[in-house]
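Fold and geometry: a report
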Protein chains: 2
Amino acid sequence: MAPTTPLTNQGGRFVQTSAPPGVINLGLGQPSPRLLPLAEFGHAASEQLRAGNDPLVLQYGVGRGYEDFRRALARFIAAEYEQAVDSDELMVTGGTSSALTFVSETFAHPGATVVTEDPTYFLAHEVFACAGLELRGVPVDERGLDVDALEQLLVGGLRPAFVYCIPAFQNPTGVCLAPARARRLVELAEAYAFVVVADEPYVALHSGPRPGSLSRYDEGRGCVLSLGSFSKLLAPGLRLGWAHGAPALVERLANHGALRSGGCLNPVIANIVHHTIDSGFLAAHVEELRAVFGRRSAALSRALRERAPSARFIAPGGGYFCWVDLGEGVDASALLERAESLRFIPGSRCAVTRDLRRYARLSFAFYEEHELVEGVERLATLLTS
Amino acid sequence: MAPTTPLTNQGGRFVQTSAPPGVINLGLGQPSPRLLPLAEFGHAASEQLRAGNDPLVLQYGVGRGYEDFRRALARFIAAEYEQAVDSDELMVTGGTSSALTFVSETFAHPGATVVTEDPTYFLAHEVFACAGLELRGVPVDERGLDVDALEQLLVGGLRPAFVYCIPAFQNPTGVCLAPARARRLVELAEAYAFVVVADEPYVALHSGPRPGSLSRYDEGRGCVLSLGSFSKLLAPGLRLGWAHGAPALVERLANHGALRSGGCLNPVIANIVHHTIDSGFLAAHVEELRAVFGRRSAALSRALRERAPSARFIAPGGGYFCWVDLGEGVDASALLERAESLRFIPGSRCAVTRDLRRYARLSFAFYEEHELVEGVERLATLLTS
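So, how was this worked out
- Residues numbered from 1 in each chain as written.
- Chains lettered and ligands numbered in written order.
- Predicted model: local features only at pLDDT ≥ 70, side-chain atom pairs only at ≥ 80, totals over all residues.
- Heavy atoms only, no water.
- Buried < 20%, exposed > 50% of the residue type's maximum accessible area, 1.4 Å probe, protein only.
- Helix = DSSP H or I, 4+ residues; strand = E, 2+ residues; numbered from the N terminus.
- Arc of directions from axis to C-beta.
- Contact = heavy atoms within 4.5 Å.
- 1 Å grid on protein atoms, 1.4 Å probe; cavity = no way out; pocket = protein on both sides within 12 Å on 5 of 7 lines; lining within 4 Å.
- Points joined across faces, edges and corners; volume = space filled by probe spheres on them.
- Nonpolar A, V, L, I, M, F, W, Y, C, P; charged D, E, K, R; others polar.
- Phe/Tyr/Trp six-rings, centres within 6.5 Å; stacked < 30°, edge-to-face > 60°.
- Least-squares fit on C-alpha atoms with pLDDT ≥ 70 in both.

Those residues of helix 1 (residues 38-48) of chain B that sit buried are Leu38(B), Phe41(B), Gly42(B), Ala44(B), Ala45(B) and Gln48(B). The arc that holds the buried residues of helix 1 of chain B, viewed along the axis, is 160°, so those residues lie on one side. Residues of helix 1 of chain B that are buried make contact with helix 1 (38-48) and helix 9 (267-278) of chain A together with helix 9 (267-278) of chain B.

In structure tokens:
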């Protein structure tokens, strides 16, 4: 079945993952190309990088990011998270993936065990493995990480260096950690002296109620390090994000050797993003993303209900992903092998130790609504053929 | 003695290390503020980031950097290194400090030993320590790393994961690795199966003969990974550099989990720098840096000979640094404690295990010539008071 319009383009010289023409790749966990604000970002760059401004923005930057950028960032995050955020609780990162490398070297020793949700983001595995860490999975259900199961492991003697989780609109399941569990998780972190590394790029991308950040449950304990990113809010290529936590926790990260040596991880891009915060562009852009992704998420859910009634899923309230149970006996990887014009992430790629072959992660962030419907049609055809 | 003009400014909100007014800080190993090309970089940014250009430059980037940037980079490096460089031998990094973190996790296992020059760059220690590596120092003399001493360690059973060295205009000594030693170092790397990580930000900044990159001695062995950086050639705040080596070696680094996850470490900045290469600005700028730093290096050497005749040093042929033997019985750290308006890096900070208290690292890259002369005056006063 031919799409009704040309597919959203993801090709050419710049991209990490190409989608061949005619293929709908619901595995793409990245912003829609038409939502990448090239001209607005370029305008901010030309305002910030011009003769007469302080050239020292090009110098080795302040390790945690310069103070008035962190103040602007604190205001932006506080509004999105609906909680007080202080600039002393923030540091600039080069995006979450590289931040996880620095986090691994700061809060864990090689050979240490790290707890992750099971399933979890399928490339976090590799970042932790590169740092010599061992993974231990704890199941996720419709209320997020199974904190009782985590507690049993702790009572049984497990001492993780940190717990890595995605509390809001989890990747891949799309679920949010229930408030009672969030509170209990932070209490366990304090009692058993581990850090909770909360990967939170989707908090602001809610189509229903705001989930908030896990950091609101920290309440001065100094156990939660929340990682934010402009990758999903502005553009992945900026390689800019932030770490948010108690000043002492953030300070430990900022003392990593590479930051002491090179200074701030991306001061020039931070300076340009600073302009997009102060001008109000960023907040307006995030507002638009919420509306667009809300419509796309709804379109995907509706199409699944109407056209693939054997599939079961929880309609996502935000984020990028919908986690679909394709039914007993279905193997998503085998399905993919038969699929010619559809791609998605099979559940097994996101699994730590659970058997999640019957699941698929579908992203609704990348394609237009009619393309998502088309993708579900193709999935339904696969399931019934 | 008051300076004849206001000192070169290094202060304000953006900088990692401030020099208080009135203090000459010859420890600053960074480009001169007046040589930071803010307007030219801003012009390149506005050319690259404007409506009509491909917005996918803001997407997750190709892990190693997009092909035509690597081709442009290969042309630039080939001209500066006077050797053939292929785009397949290159990958983009987020600057050398963060690259050393990824190198440590790729080419070493925690607990492994890394050989460094003794003395070496004083913050590289901390990057390696964060990755759980042990340091073993090998002395440097006026022809660079003492390769015979390294060989003795290897014959004695030492098996380093890699050797970290700064072959051209070493930090802190300013010396270059002699060609015969460079050749022997690469032969040892092949024989004992270790990688040589060559930190080479200063190769192009020669005021005399070009030293070339250590990579010219690799000759297909696949033992040398050369790290380059725009920090010293354009601006530190860009957080952009490159790794250069045999394709298989570069590929190993590009397979680090954080790169598989986040894509290229700094694609937007790479895209802007691409413009400065193609426009010819970068080559012209590096040419200017060579001239300016050459004059400054000569002024520092002349001032040392004339005003501090008890100090001994090898006049640097390039780079940023001059390594000064302050004389028997002198303790540079104690000298610093007495200094009110002068700073420098005492030799002991650069030492791995050697006793280098009588040495000082002076940078000539940051200040104007008359300020360097003034700094030497202050040093001479300290030495004789």
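Here we take up empty space enclosed by the protein. Considering all chains together, one arrives at 6 cavities of 30 Å³ or more under this definition. Lining the largest cavity, in full, are Gly94(A), Ser98(A), Phe102(A), Arg239(A), Leu265(A), Asn266(A), Gly94(B), Ser98(B), Phe102(B), Arg239(B), Leu265(B) and Asn266(B). The set of elements that each furnish at least two residues to the lining of the largest cavity consists of helix 3 (96-107) of chain A together with helix 3 (96-107) of chain B. Estimates place the volume of the second largest cavity at around 60 Å³. Taken together, Phe76(A), Ile77(A), Glu80(A), Tyr81(A), Glu200(A), Pro201(A), Tyr202(A), Val203(A), Ala204(A), Leu233(A) and Trp242(A) form the lining of the second largest cavity. At 4 residues, the largest contribution of residues to the lining of the second largest cavity is made by helix 2 (residues 67-81) of chain A. Residues that form the lining of the second largest cavity fall into these classes: 9 nonpolar, no polar and 2 charged.

The next point concerns the packing of aromatic side chains. Residues and elements named next belong to chain B. Tallying each qualifying case throughout the model produces 25 aromatic pairs over all chains. Each ring, one from Tyr121 and one from Phe122, has its centre 5.6 Å from the other, and the planes form 55°; the classification is tilted. The class for Tyr121 is buried, based on a relative accessible area of 16%. Relative to Tyr359, the ring of Trp323 has its centre 5.0 Å away and its plane inclined at 10°; by these criteria the two rings are stacked.

Let us now look at the relation of the copies chain A and chain B. Least-squares fitting of chain A to chain B yields an RMSD of 0.0 Å, with the superposition described by an axial translation of 0.0 Å and a rotation of 180°. The transformation relating the two chain copies, once decomposed into turn and shift, fits a two-fold axis. It is Ser46(A) whose C-alpha, among those of chain A, lies nearest the rotation axis, at 2.8 Å. Comparing contact sets, 100% of the residues at the interface of chain A also lie at the interface in chain B, consistent with an isologous, same-surface contact.

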